[in-house]
Amino acid sequence: MITVIKGGRVIDPYNGKDEVTDVVVEGERIKEVGPYKGRADRIIDARGKVVCPGFVDIHVHFRDPGFTQKEDLYSGSKAAARGGFTTVCCMPNTNPVNDNALVSHYIVKKAKEIDLCDIFPIGAITKGERGEELVEFYTMKNAGCVAFSDDGMPVRNAFVLKQALTYSKSLNLPITLHEEDVNLSAGGVINEGYYSTKMGLAGIPNCSESAMIARDVEILKHTGGHIHICHVSTKESIKIIERAKEEELHITCEATPHHLSLTEEETDGFNTYAKVNPPLRTEEDVKSLQEAVKNGIVDALATDHAPHDEKSKETTMSKAAFGISGLETAFAVLNTYLVEKKIISLPELIALMTYKPSTIYHLPRGTLSKGKLANITIIDLNKEWMVNRKEFVSKGKNTPFHNKNLKGQICYTMYKGKITYERGNDF
Ligand code: DOR
Ligand code: ZN
Ligand code: ZN
């Protein structure tokens, strides 16, 4: 079966390509990229559209096993496809926690059965994410884990992190960190500042994140290995990471669409849909993060897709769950707030959503190179639309972007040569 995606603007940053041409897919793989006159079983008209590698999200929560009322591997996969993603890495804060090979095997097997996107599991660093006893890294790697993280929780005990880094170094896998000093953020629900004072809510200060990153950079200097920092949210964190990179430490970091576009102001009026950890910060922090994306200190963009059921959000600010359902708005948010505002170019955005995140976790994904899996996203860049959370296919309808206008919409997602999403034909 030969499919030809005809006449689109093909952007493949890994191969330095940005030109109007055809992409030819044979079976599961890319046959060639270039003008094509041969036989075709199926033609997709991409004139006026952007054609790029399927997006790669190295930070999602699919809640399966255990919290499947919030999301499961099937609904999460559908949300990924609708957002233009063909590869995701799922965090281990499930129930049971993905701290052993049985859980990893379950995820890998179910993902293959669903077959709407790649789902690579991230194993926990410690048993039960309790921060005490390390998991069996080697067994977990063999079970398919591509990184280790206690996301949702920081690694409080510095000695545990030192040990984890030592083991992961020998396996050549990153330790991925949710950076938070729980003593500094204790009880906090939104950013510590004007709005926390106005609403009388406990705040989470910037230093809760940056102090922990500073500690972990020092540990990294001692052990070697690779640290990847999740969802960077403060200007102080950026400075520390920049300095560590100057010292040529192996440190990478990601930023989320919401931290790059929204400020703490969204939480005004006790808006639980804007409650997320780390919290939305100030204009100054957002500007600093945008600058860090532009100058390459931020290595990848990742959604931290954190779906929740209605009852976890339809409650008080203090009781509401932290998290934003991010997969279905990610591209449009980033295009609207970074590309339209001329902070980065479209090829730069696509690089940060495809081959750059893949590189961090050593995933052979994110390019349109000949012979690679045909994971492809087709985008209508000029389409303006208003987010309606009720249209999400994710079980998590929790988004602060509801009713916001965005530019850029996914038309098709192709995974291994198969169409997994087609706009107007949601399945
Ligand atoms: O907002 C968040 N939600 N931050 C986290 O670290 C965890 C995540 C979740 O699992 O809901
Ligand atoms: Zn986190
Ligand atoms: Zn997370």
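Predicted model, so just to flag it, every value in this text is computed and none were measured. (Residues numbered from 1 in each chain as written. Chains lettered and ligands numbered in written order. Predicted model: local features only at pLDDT ≥ 70, side-chain atom pairs only at ≥ 80, totals over all residues. Heavy atoms only, no water.)

**Student:** Just checking my understanding: could you explain the layout of surface pockets for this structure?
**Tutor:** Leftover empty space is mapped by rolling, across the atoms, a probe with the size of a water molecule. By volume, the largest pocket amounts to about 530 Å³. Forming the boundary of the largest pocket are 25 residues, of which Asn-93, Gly-152, His-178, Asn-277 and Phe-322 lie nearest the centre. For the lining of the largest pocket, the residue count by class is nine nonpolar, eleven polar and five charged. What the second largest pocket holds in volume is close to 260 Å³. Lining the second largest pocket are 13 residues, and of these Val-108, Lys-112, Asp-118, Ile-119 and Phe-120 lie nearest its centre. Elements with a contribution of two residues or more to the lining of the second largest pocket: helix H2 (101-114) and strand S8 (118-121). The dominant element in the lining of the second largest pocket, judged by the number of residues it contributes, is S8, at four residues. Residues of the lining of the second largest pocket, tallied by class, amount to seven nonpolar, one polar and five charged. (1 Å grid on protein atoms, 1.4 Å probe; cavity = no way out; pocket = protein on both sides within 12 Å on 5 of 7 lines; lining within 4 Å. Points joined across faces, edges and corners; volume = space filled by probe spheres on them. Nonpolar A, V, L, I, M, F, W, Y, C, P; charged D, E, K, R; others polar. Helix = DSSP H or I, 4+ residues; strand = E, 2+ residues; numbered from the N terminus.)

**Student:** What is the right way to look at the packing of helix H8 (residues 235-246) against helix H9 (residues 283-294) in this model?
**Tutor:** Between two packed helices, the angle of one axis relative to the other and the distance separating the axes together describe the packing. Direction vectors running N to C along H8 and H9 enclose 30 degrees, while the axes themselves pass 8 Å from each other. One element, H8, and the other, H9, form an angle in the roughly parallel class. Here Lys-235, Glu-236 and Ile-238 of H8 come into contact with H9, specifically with Glu-284, Asp-285, Ser-288, Leu-289 and Ala-292. Residues belonging to the contact of H8 with H9 are distributed by class as follows: three nonpolar, one polar and four charged. (Axes fitted to C-alpha atoms, helices over the stretch in contact; angles between N-to-C directions. Parallel < 35°, antiparallel > 145°, perpendicular 65-115°, else oblique. Contact = heavy atoms within 4.5 Å.)

**Student:** Help me understand the coordination of the zinc ion (ligand 3) in this model?
**Tutor:** In an ideal tetrahedron of four donors about a metal, each angle is 109.5 degrees. In an ideal octahedron of six donors, the angles are 90 or 180 degrees. Every protein donor of the zinc ion (ligand 3) is accounted for by His-59 (NE2), His-61 (NE2), Asp-151 (OD) and Asp-304 (OD), and the metal-donor separations fall at 2.0 to 2.2 Å. Between the four donor atoms coordinating the zinc ion (ligand 3), the angles at the centre fall across 84 to 174 degrees, so the site counts as irregular. Between the zinc ion (ligand 3) and the zinc ion (ligand 2), both coordinated by Asp-151, there is a metal-metal distance of 3.5 Å. With His-59 in strand S6 (residues 55-60) and Asp-304 in the loop between strand S15 (300-301) and helix H10 (310-313), the pair connects residues that are 245 residues apart, well separated along the chain. For the pair shown, His-59 and Asp-304 are each scored as buried. (Donors = N, O, S within 2.8 Å, 3.2 Å for Na, K, Ca; no water. Tetrahedral: all angles 85-135°; square planar, octahedral: opposite > 155°, others 65-115°. Buried < 20%, exposed > 50% of the residue type's maximum accessible area, 1.4 Å probe, protein only.)

**Student:** Looking at this structure, how should I read the sheet that holds strand S14 (residues 251-255)?
**Tutor:** Strands pair in a sheet through their backbones, by hydrogen bonds, and they do so in one of two ways: parallel or antiparallel. Reading across the sheet, the five strands line up as S9-S10-S13-S14-S15 and stay open at both edges, with parallel pairing between neighbours. If you trace the sheet from one side to the other, it starts and ends with strand S9 (148-149) and S15, each paired once. (Pairing = 2+ DSSP bridges.)

**Student:** What is the right way to read the site of ligand 1 from this model?
**Tutor:** Taken together, 13 residues form the shell around ligand 1, and within it Arg-63, Asn-93, His-178, Asn-277 and His-308 come nearest. Between an oxygen atom of ligand 1 and a side-chain N or O atom of Asn-93, the distance comes to 3.0 Å. Compared with its free state, where it exposes 290 Å², ligand 1 has 93% of that area covered by protein. Residues belonging to the shell around ligand 1 are distributed by class as follows: three nonpolar, seven polar and three charged. (Near = heavy atom within 4 Å. Polar contact = N/O pair within 3.5 Å; in protein donor to acceptor, adjacent residues only side chain to side chain. Areas by Shrake-Rupley, 256 points an atom, 1.4 Å probe, with all protein chains shown as cover.)

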